[in-house]
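For reference, the chains in residue letters:
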Amino acid sequence: MSKVSHEEFQHPFGLQYFGLKLVAFILRGLSSLAQSRAKKLQLAAIPHNVTRSRIEIPSREAGRCISVDVYRRRQTKGGVDVGASDPPSAVHLNFHGSGFVVPGLGGDIAFCARLASEVDVVVLDCDYRKAPEGQSSTSLERPQCVAYICNHNKAPFPAGHNDTLDVFAYVIANPTSFAPNKISVGGFSAGANLGMALVVSDSLPKDSFTSVISFYGNPNISKPTPSPPSKTFTSGILLPDIVRRIFYASYMLPAVDQKNIGLSPFYAPVDRWPKNILITCGEADSLWVPGKELVDKLKGKGLEVEWHSVPNAAHAFDKGVMVKESAEETKQKVDNVYSQAIEMIRRS
């Protein structure tokens, strides 16, 4: 295990870099078509007692920002909507799935909005830089950050990891809005990896977080993933090994130590983990085994560790892709998973 160096680097220019850029371009194009319809459906389903707004958080790099969607409960008096509620006592940081490559902010609207509706917590759904493009620095003509600049500053590790740290720093720097002792973290797929890496970061004080939630994230990208326990699924997608290799090659420079806890939080000491941990993965997902291995490592160590193995589910089973079951079956499967996560955040 090695500590995280926060110095940022660019991919070396060459055939491999341009090949990765080409693949990333294709995957982003395909993903944007699928995400557009999904986002519209999720936006229409936001509970009436929840507001959603966009803010821009300054990053450590001058002139660049991090886009964050904020979910809060509405406040009503006498049946009249008076806007968002007062700042709640807790905050949850969510990081979307991306393969570290594909933009996906807004892909988790359903979970974030439901969490804000059911629990006294403000939800920050956070963007982060994507690989493989080299980091660029753009000065602003005005003090405030703009989403365009944020979305076009993309870089390999540790750029995305640094963005998660910057979001945490923003929360800590605003104690009148966010309770610094009540911060939970979660994410989906690559965002779950980033969330786990954040909570075990050796650059932060221990016990900075109350809980961490991983929806089908890989806590150990230093080794190949074995076959999952099942090949049967009725929702979700199979993540081909070649696609995962492209994602990781885009995110990691060749010389990086893959056991670095910023990349593979599995190798973090047990005492770096928060008290409450939930790991969820479909039984047909290639990331099932590394998730279960993390659970086995942490159980019996004084932590509240929960493992939710989802039958008949592959990767991203909650996103409405490759569904071969009834709408009611999918709804029940997703409701069960989200409810378990929300309950952990509530009690932590």
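Keep in mind the model is a prediction, meaning the values are calculated, not measured.

(A) Focus on the packing of aromatic side chains. Applying the stated criterion to the full structure yields 16 aromatic pairs. Note on Phe111 and Phe188: the rings are 5.8 Å apart at their centroids and 75° apart in plane angle, and the pair reads as edge-to-face. Note that Phe111 is positioned in helix α2 (residues 109–118) and Phe188 in strand β6 (residues 183–188), a separation of 77 residues in sequence. Owing to a relative accessible area of 1%, Phe188 belongs among the buried residues under this scheme. Each ring, one from Phe215 and one from Tyr338, has its centre 5.8 Å from the other, and the planes form 70°; the classification is edge-to-face. Of this pair, Phe215 sits in strand β7 (residues 211–215) while Tyr338 is found in helix α8 (residues 327–347), placing the two residues 123 residues apart along the sequence. A residue is classified by how much of its surface remains accessible, and Tyr338, at 6% relative accessible area, is buried. Feature note: the residues Phe111, Phe188, Phe215, Tyr216, Phe317 and Tyr338 constitute an aromatic cluster, connected by ring pairs. Over the ring of Phe266 we find Lys297; its NZ or CZ atom is 4.8 Å from the centre of that ring.

(B) Broad picture of α2. By the criterion of burial, α2 is predominantly enclosed, with 8 of the 10 residues buried. Listing the buried residues of α2 in full gives Ile109, Phe111, Cys112, Ala113, Arg114, Leu115, Ala116 and Ser117.

(C) Spatial organisation of helix α6 (residues 241–251). The complete set of buried residues in α6 reads Arg244, Phe247, Tyr248, Ser250 and Tyr251. Taken around the axis of α6, the buried residues stretch over an arc of 160°, which confines them to a single face. Relative to its buried face, α6 has exposed residues pointing more than 90 degrees away, namely Ile242 and Arg245. Buried residues belonging to α6 abut α1 (15–44), α4 (159–172) and α5 (190–199).

(D) View of the confidence of the model for the protein. The predicted model of the protein has a mean per-residue pLDDT of 89, with 89% of residues at 70 or higher. Of the regions scoring below 50 in pLDDT, residues 134–153 engages in 42 contacts with residues more than four places distant in sequence or in other chains.

(E) Focus on unusual backbone geometry. Cis geometry is adopted by the peptide bond preceding Pro132, which originates at Ala131 and carries an omega value of 10°. Note on placement: Pro132 falls in the loop between β5 (122–126) and α3 (147–151). Residue Pro158 is bonded to the preceding Phe157 through a cis peptide linkage, with omega at 10°. Note that Pro158 resides in the loop between α3 and α4. One non-glycine residue, Phe100, lies in positive phi territory at about 65°. With respect to the secondary-structure elements, Phe100 resides in the loop between β4 (91–95) and α2. Of note, the phi angle at Asn312 is positive, near 55°, even though the residue is not glycine. Checked against the element boundaries, Asn312 lands in the loop between β9 (304–310) and α8.

Calculation rules
- Residues numbered from 1 in each chain as written.
- Predicted model: local features only at pLDDT ≥ 70, side-chain atom pairs only at ≥ 80, totals over all residues.
- Heavy atoms only, no water.
- Phe/Tyr/Trp six-rings, centres within 6.5 Å; stacked < 30°, edge-to-face > 60°.
- Helix = DSSP H or I, 4+ residues; strand = E, 2+ residues; numbered from the N terminus.
- Buried < 20%, exposed > 50% of the residue type's maximum accessible area, 1.4 Å probe, protein only.
- Lys NZ or Arg CZ within 6 Å of the ring centre and 35° of its normal.
- Arc of directions from axis to C-beta.
- Contact = heavy atoms within 4.5 Å.
- pLDDT = per-residue confidence, 0-100.

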